Amino acid sequence: YKRQGQALQRVDGLRREVIANVSHELRTPLTNVRSYAETIREAGDDLSRETENDFLDVVISETDRMTHIVQDLLTLSRLDSGRSEMNMARFDFGAAIDSVLRSIELEARRHGHELTHDYHDLPMIMGDRGRIEQVMLNVLSNAVKYTPDGGHIRVTAGSEGETVWMEVADDGIGIPEEDRPRVFDRFYRVDKMRSRAAGGTGLGLSIVADTVRRRGGSIAVSARAGGGTCFTVRL
Ligand code: ADP
C-alpha cells in the first residue's frame, strides 16, 4: 500500500508540475496577444499601417506558438494513455532518413548550414514509419535551430545485428554536461530565451524519448568532440 501510495503521489506531483508548466507557457503568449490586440483597438487611426501590421504579426506568431504547445501536449497525452496507434509495416530505414533529410534541407540552407550524410546498405525494418520519421525530424530540426548560421550538421546511420541507429551531430552551441540528462524531461530547456526565439516548447525531446522507448529503442545525447552536440537514436 505504501509503495502504491508513493507511486500515486509521484504521478500526482508530475501532473501538478505539467499543469504549472503549461499555465506558465501559455500565459506569456496570451498576455501578448491581448495587449497587442488592445493597442490596435485603442489606437484606432493613430497607428500607421506598418506598425499595425507589425503588431498583427506578433498576434499571429504568438497564436502559432500556443497552437504548437497544444499540439505537443495532445501528442504527449496520446502517448501517455497508450492511445497512439502504431501503424506497423516493413520499410527501408535509409529511405526514411532520405525523406527526412529532404524535408529539412531548405530550412538548413536558409540558415547557411552544411548538411551532410553518410550511410549505406541500411536494412528494411519493421515499425511505424510516420512516427520514426517524426523522431528523426525532431532531432534534426533541433540541430538546425541550435546551431548558429553557417554550421555543420552530419547525419550517419548504420545497423548492428537487430538494431539500427541514426546519429545527428552538429557543431552548434552544445549542451552543458549537467543539463544533458535533463533535456528529455518535459518542458526542460537549457536556454529558455533561445528556445523561445526558435519557437521551441521544451516538449519536443520528451516526445521523442517517449516514442523511441515505447518501441524498445533508446536515445542518447553526448558532446561532439570539437564542440556541439550529438544525438543517437537506436531502434
Ligand atoms: P525545444 O522545443 O525547446 O527545442 P526540445 O525538447 O526539443 O525543446 O529540446 C530541449 C532543449 O534541449 C532545448 O531547449 C535546447 O536547449 C536543448 N537542445 C536540443 N537539441 C539541441 C542541440 N542540437 N544543440 C544544443 N541544444 C539543444
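That block above? That's the structure.
Residues numbered from 1 in each chain as written. Predicted model: local features only at pLDDT ≥ 70, side-chain atom pairs only at ≥ 80, totals over all residues. Heavy atoms only, no water.

Novice: Got a minute to help me understand the layout of surface pockets in this structure?
Specialist: One way to see where empty space is left: roll a probe the size of a water molecule over the atoms. By volume, the largest pocket amounts to about 870 Å³. N138, N142, K145, G204 and L205 are the residues nearest the centre of the largest pocket, which is lined by 41 residues in total. Here the lining of the largest pocket takes 10 residues from helix α4 (residues 129-145), the largest share from any one element. Grouping the amino acids of the lining of the largest pocket by side-chain chemistry returns 17 nonpolar, 16 polar and 8 charged. (1 Å grid on protein atoms, 1.4 Å probe; cavity = no way out; pocket = protein on both sides within 12 Å on 5 of 7 lines; lining within 4 Å. Points joined across faces, edges and corners; volume = space filled by probe spheres on them. Helix = DSSP H or I, 4+ residues; strand = E, 2+ residues; numbered from the N terminus. Nonpolar A, V, L, I, M, F, W, Y, C, P; charged D, E, K, R; others polar.)

Novice: Mind showing me how you'd approach the nonpolar core here?
Specialist: In summary, soluble globular proteins display a tendency toward joint burial of nonpolar side chains. Membership of the largest hydrophobic core comes to 36 residues, with the highest contact counts inside it found for F93, I97, I219 and F231. Of all the secondary-structure elements, those providing two or more residues to this core are α3 (93-110), α4, β4 (152-160), β5 (163-170), α6 (204-214), β6 (218-223) and β7 (229-234). (Core = buried A, V, L, I, M, F, W, Y, C linked by side-chain atoms within 4.5 Å. Buried < 20%, exposed > 50% of the residue type's maximum accessible area, 1.4 Å probe, protein only.)

Novice: What is the right way to read the sheet that holds β5 from this model?
Specialist: The pairing of strands in a sheet comes from backbone hydrogen bonds and takes either a parallel or an antiparallel form. A sheet is described by the order of its strands in space; here 5 strands give the open sequence β2-β4-β5-β7-β6, paired in mixed fashion. In this open sheet, the two edge strands, each paired with only one partner strand, are β2 (114-118) and β6. The mean angle between the axes of side-by-side strands here comes to 15 degrees, regardless of whether they run parallel or antiparallel. As judged from the 8 bridges shared by β4 and β5, these two strands associate in the antiparallel manner. Of the residues in β5, the one forming a bridge with G158 is W165. Contacts between α4 and the sheet are confined to β4, β5, β6 and β7, with β5 contributing the most and set at about 15 degrees to the helix. This element, α6, spans β6 and β7 of the sheet and lies at about 135 degrees to β6. (Pairing = 2+ DSSP bridges. Axes fitted to C-alpha atoms, helices over the stretch in contact; angles between N-to-C directions. Contact = heavy atoms within 4.5 Å.)

Novice: Sorry, what's going on with the site of the ligand here?
Specialist: Taken together, 22 residues sit near the ligand, with Y146, D170, S195, T201 and L205 positioned nearest. Burial of the ligand by the protein amounts to 98% of the accessible area it has alone, namely 540 Å². Contributing elements (two or more residues each) for the shell around the ligand: α4, α6 and β7. A per-element tally of the shell around the ligand places α4 first, with 3 residues. Class assignment of the residues belonging to the shell around the ligand gives a composition of 10 nonpolar, 8 polar and 4 charged. (Near = heavy atom within 4 Å. Areas by Shrake-Rupley, 256 points an atom, 1.4 Å probe, with all protein chains shown as cover.)

Novice: Would you mind going over a nonpolar patch on the surface with me for this structure?
Specialist: Among the surface-exposed residues, M86, M88 and M126 lie close enough to one another that they form a single nonpolar patch of about 300 Å² accessible area. Relative to the helices and strands, M126 resides in strand β3 (residues 124-127). Exposure remark for M126: the relative accessible area of 54% places this residue in the exposed category. (Patch = residues over 30% accessible without salt bridge, like charges linked within 9 Å, V, L, I, M, F, W, Y side chains within 5 Å. Salt bridge = Lys/Arg side-chain N within 4 Å of Asp/Glu carboxyl O.)

Novice: Could you clarify how one ought to interpret the packing of aromatic side chains in this entry?
Specialist: Within the structure shown, the criterion is met by 2 aromatic pairs. Centroid distance F184 to F231: 6.2 Å. Interplanar angle 85 degrees. Geometry classified as edge-to-face. Of this pair, F184 sits in the loop between β5 and α5 (192-197) while F231 sits in strand β7, and the two are 47 residues apart along the sequence. Exposure remark for F231: the relative accessible area of 7% places this residue in the buried category. Here the basic side chain of R213 rests over the ring of F184, its NZ or CZ set 5.8 Å away from the ring centre. (Phe/Tyr/Trp six-rings, centres within 6.5 Å; stacked < 30°, edge-to-face > 60°. Lys NZ or Arg CZ within 6 Å of the ring centre and 35° of its normal.)

Novice: Help me out: how do you make sense of the pairing of β5 in this one?
Specialist: Put simply, side chains in a regular strand alternate between the two faces of the sheet. Summarising burial for β5: 6 of the 8 residues are buried, a large majority. Between the antiparallel neighbours β4 and β5 lie 2 residues, among them G161 with a positive phi of about 55 degrees. Examined bridge by bridge, β5 and β7 share 6 bridges and lie antiparallel to one another. Each residue of the ladder has a partner; that of E167, found in β7, is T232.

Novice: Looking at this model, I keep getting lost on the packing of helix α2 (residues 49-80) against α6. Mind explaining?
Specialist: Put simply, α2 and α6 touch, their axes get as near as 10 Å, and they point 25 degrees apart. Here α2 is positioned roughly parallel relative to α6, judged by the angle of their axes. The element α2 and its partner α6 pack so that their crossing is left-handed. Across from D72, T75, L76, L79 and D80 in α2, the residues of α6 making contact are G204, S206, I207, D210, T211 and R214. Among the residues forming the contact of α2 with α6, the class breakdown is 3 nonpolar, 4 polar and 4 charged. (Parallel < 35°, antiparallel > 145°, perpendicular 65-115°, else oblique. Left-handed = near helix turned anticlockwise from the far one by under 90°.)

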